[in-house]
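# Observations on the three-dimensional arrangement
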Amino acid sequence: MKFCSLAALVGLLALSTTSSACLLPEERENDGHIRAIRGRQSRNNGTPIGTGDRFNRGTVAPRGLGSQGSSTSFSTILNVNEIASGLKGLASTYGIETFTTPYKTYQGASIQGAIVGGSGGRCKDAYRVFLNGNIHARERGSADNVLFFISDLLYANKTNAGLTYGSKTYTAGQVKTALSAGIVFIPLSNPDGVAYDQSSNSCWRKNRNPASGTGSASGIDLNRNFDFLWDFTKKFASSVRSSVASTNPSSETYHGTSAFSEPETRGIKWVLDTYTKVRWFVDLHSYAGDVLYSWGSDENQSKYPSMNFRNSSFDSVRGILSDTPGTRGGYGEYIPAEELTTQTTAASRMVSGLTGGGGSQYTAIQSSDLYPTSGASDDWAYSRHFADPSLNLVHSYTIEFGFGNNAASCPFYPTVAQYNANMRSVGAGFMELLLAAVELGLGDKTTC
Ligand SMILES: [Zn+2]
């Protein structure tokens, strides 16, 4: 991932920068010239970053768009301080439990999250859905979408009201059903990167760890740092490696010095190791207007169980999409048929929410559809139960919200209209995920 939409392919073929997922076309190569995208001429940075603290040091709870009228609109993006203050505001207003992951970032920041719903209380087994925001710094609105969505759920639950996102309407009963899934969330999983991007308007994607002694902060692409086929130089066919990830610290897809070398990715692992019954995971990115489901390493196949990411005899052909699995060494990543059905069913539900919420058509596609990747969060989360059968199956997704702002200095910076539409899209997409998760299954019955 995450450059996977048909629109992105068209954009690439046209040598255009008009459309992409997390990577712009000119950023796909890892030979070091990717910095060329910096210095776009536009001074338009899209929706301004908020100044001050609208949640007044955690004494005011955020409230999202879904619990307010359709004419309500937000005019600024949450700054890093406000994201923390807003989380504190939810805790002080609704009594939810917050947590701090055990690993501080390179610049000393903490990564914070919270748990809501479920059967309540401290029983960790009650939380079955994990929502993660802003692992890529420049994808503005990601943290906002997570925080405001949870705020909507809590407000609606407390007031016994429903929620409305665009053409999607949910009853008070559906709000309570959604919350019953039990949610773990981290609005801002890359605080250093977002702080830098917000202060510099530099279209910054990675974290701020100056790994490999390059002197200046070159950063690691956190979404290539997870322990799934991380060592792509050994695990993928040589012909596809340049798009899978990069060993070049100046590349936008630099994968770090080892799997989980970064405190941010270790924090996400900590969540799944702590809330061990999580069954559903969404990593929230922009932009492409799609919902991506595993696998991202190669095309899915359900016929050959031994043809999988753990089998090193396929290392030389993994990632080649034009082959036919099972014939002449052709490889496809194994996914049990029933798990694929569940994955795609929930993906379709999210697409219906995202589309109805914001008014633009989203699409569900397999992550590898455009090109294979290694070390991505969603594949890692889904792979855990194959690598270690004692771990829980986690249905895992990447949502790429929005459609980009080509008038801005960085296309990941939305206009005010896009920022608000994206928030309504994601709100409805998350609602559909939670309702689908309850219907399709949350795993074993909690004993809390
Ligand atoms: Zn991204």
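Source: prediction; values computed, not measured. (Residues numbered from 1 in each chain as written. Predicted model: local features only at pLDDT ≥ 70, side-chain atom pairs only at ≥ 80, totals over all residues. Heavy atoms only, no water.)

Summarising the metal site, the zinc ion is bound by the protein donors C22 (SG), H136 (ND1), E139 (OE), E139 (OE) and H285 (ND1), whose distances to it range over 2.0 to 2.5 Å. In terms of primary sequence, the donors binding the zinc ion are separated according to C-x113-H-x2-E-x145-H. Linking H136 in the loop between β3 (129-133) and α3 (142-159) with H285 in strand β7 (residues 280-286), this pair joins segments that are 149 residues apart in sequence. Overall, H136 belongs to the buried group, its relative accessible area being 0%. Given the relative accessible area of 0%, H285 is considered buried. (Donors = N, O, S within 2.8 Å, 3.2 Å for Na, K, Ca; no water. Helix = DSSP H or I, 4+ residues; strand = E, 2+ residues; numbered from the N terminus. Buried < 20%, exposed > 50% of the residue type's maximum accessible area, 1.4 Å probe, protein only.)

Turning to the nonpolar core, a few remarks are in order. L131, L153 and F185 are the most contacted members of the largest nonpolar core, which totals 61 residues. With 11 residues, helix α11 (residues 416-440) is the single largest residue contributor to this core. Among residues more than four places away in sequence, those in contact with F185 are L87, L90, I96, F99, G113, A114, V116, L131, V146, L147 and I150. (Core = buried A, V, L, I, M, F, W, Y, C linked by side-chain atoms within 4.5 Å. Contact = heavy atoms within 4.5 Å.)

Here we take up the environment of G441. For G441, the position within the fold is in the segment after α11. On the basis of relative accessible area, G441 is assigned to the partly exposed category, the value being 24%. On a C-alpha basis, the gap between G441 and R128 in space is 9.6 Å, while along the polypeptide they are 313 residues apart. When sequence neighbours within four positions are dropped, the list of residues in contact with G441 reads R279, W280 and A436.

The next point concerns the sheet that holds β7. As a general point, the strands of a sheet are linked pairwise by backbone hydrogen bonds and lie either parallel or antiparallel. The strand order across the open sheet built from eight strands is β1-β2-β6-β3-β7-β12-β8-β11, with neighbouring strands paired in mixed fashion. The outermost strands of the open sheet, each flanked by one partner alone, are β1 (97-100) and β11 (363-366). With direction set aside, neighbouring strand axes in the sheet form an average angle of 20°. The pairing of β3 with β7 spans five bridges and is classified as parallel. Note that in β7 the partner of L131 across the bridge is V282. (Pairing = 2+ DSSP bridges. Axes fitted to C-alpha atoms, helices over the stretch in contact; angles between N-to-C directions.)

When the UniProt feature table is mapped to this numbering, "active site" (unreviewed entry) covers E400. Mapped onto the secondary structure, E400 falls in strand β12 (residues 395-401). E400 sits in the buried class, given a relative accessible area of 0%. Separated by 3.4 Å, the side chain of E400 and the backbone nitrogen of Y287 make a polar contact. (UniProt positions renumbered as here; feature names shortened; annotations may be inferred. Polar contact = N/O pair within 3.5 Å; in protein donor to acceptor, adjacent residues only side chain to side chain.)

Taking 1.5 Å of rise per residue, the 18 residues of α3 would be expected to cover 26 Å, and the 26 Å separating its terminal C-alpha atoms lies within 8% of that figure. Across the 18 residues that make up α3, a large majority, 14, are buried. A positive backbone phi angle near 55° is found at N160, which sits one or two residues after α3. (Expected span 1.5 Å × (residues − 1).)

With that out of the way, let us pick up the confidence of the model for the protein. Across the protein, the average pLDDT comes to 91, with 90% of residues at 70 or higher. Every residue in residues 1-19 scores below 50 in pLDDT, and together they form 65 contacts with partners more than four places removed in sequence or on other chains. Ignoring residues within four places in sequence, the model shows residues 31-39, a span with pLDDT below 50, making 24 contacts including any to other chains. (pLDDT = per-residue confidence, 0-100.)

In terms of burial, β3 is largely enclosed, as five of its five residues are buried. Neither face of β3 is open: one carries V129, L131 and G133, the other F130 and N132, and all of them are buried. Summarising the sheet, β3 and strand β6 (residues 183-186) pair through four bridges and their orientation is parallel. Counted as the bridge partner of F130 is V184 from β6.

Here the focus is the pattern of salt bridges. Going through the model one piece at a time under the given rule, you end up with 15 salt bridges. The salt bridge involving E27 is made with R138; its shortest N-O contact spans 2.9 Å. A residue pair is termed long-range when its members are at least 10 positions apart, and E27 in the loop between α1 (6-13) and α2 (80-94) and R138 in the loop between β3 and α3 qualify at 111 residues. Judged by its relative accessible area of 0%, E27 is buried. Look at R138 and you get buried, because its relative accessible area is 0%. Close ionic contact of R128 with D444 constitutes a salt bridge, the shortest N to O distance being 3.6 Å. One end of the pair, R128, is in the loop between β2 (112-116) and β3; the other, D444, is in the segment after α11, and 316 residues separate them in sequence. (Salt bridge = Lys/Arg side-chain N within 4 Å of Asp/Glu carboxyl O.)

When you line up the elements, D221 lands in the loop between α5 (191-200) and α6 (232-235). Owing to a relative accessible area of 0%, D221 belongs among the buried residues under this scheme. Setting aside its immediate chain neighbours within four residues, D221 contacts H136, R205, K206, E252, T253 and Y254.

Another point: the packing of helix α4 (residues 172-180) against α11. Following both chains from N to C, one finds α4 and α11 inclined at 70°, their axes separated by 8 Å at the closest point. Regarding the angle of α4 to α11, the classification is roughly perpendicular. Between α4 and α11 the crossing geometry is left-handed. Contacts between α4 and α11 involve Q174, V175, T177, A178 and S180 from the first element and M431, L434, L435 and V438 from the second. (Parallel < 35°, antiparallel > 145°, perpendicular 65-115°, else oblique. Left-handed = near helix turned anticlockwise from the far one by under 90°.)

What follows concerns α4. Residues that lie three or four places apart on an α-helix share one face, since the helix turns once every 3.6 residues. For α4, the complete set of buried residues consists of A172, V175, A178 and L179. Mapping the buried residues of α4 onto a view down its axis gives an arc of 115°, with all of them on the same face. Buried residues belonging to α4 abut β2, α3, β4 (163-165), β5 (168-170), β6 and α11. At the C-terminal side of α4, G182 shows a positive phi close to 80°. (Arc of directions from axis to C-beta.)

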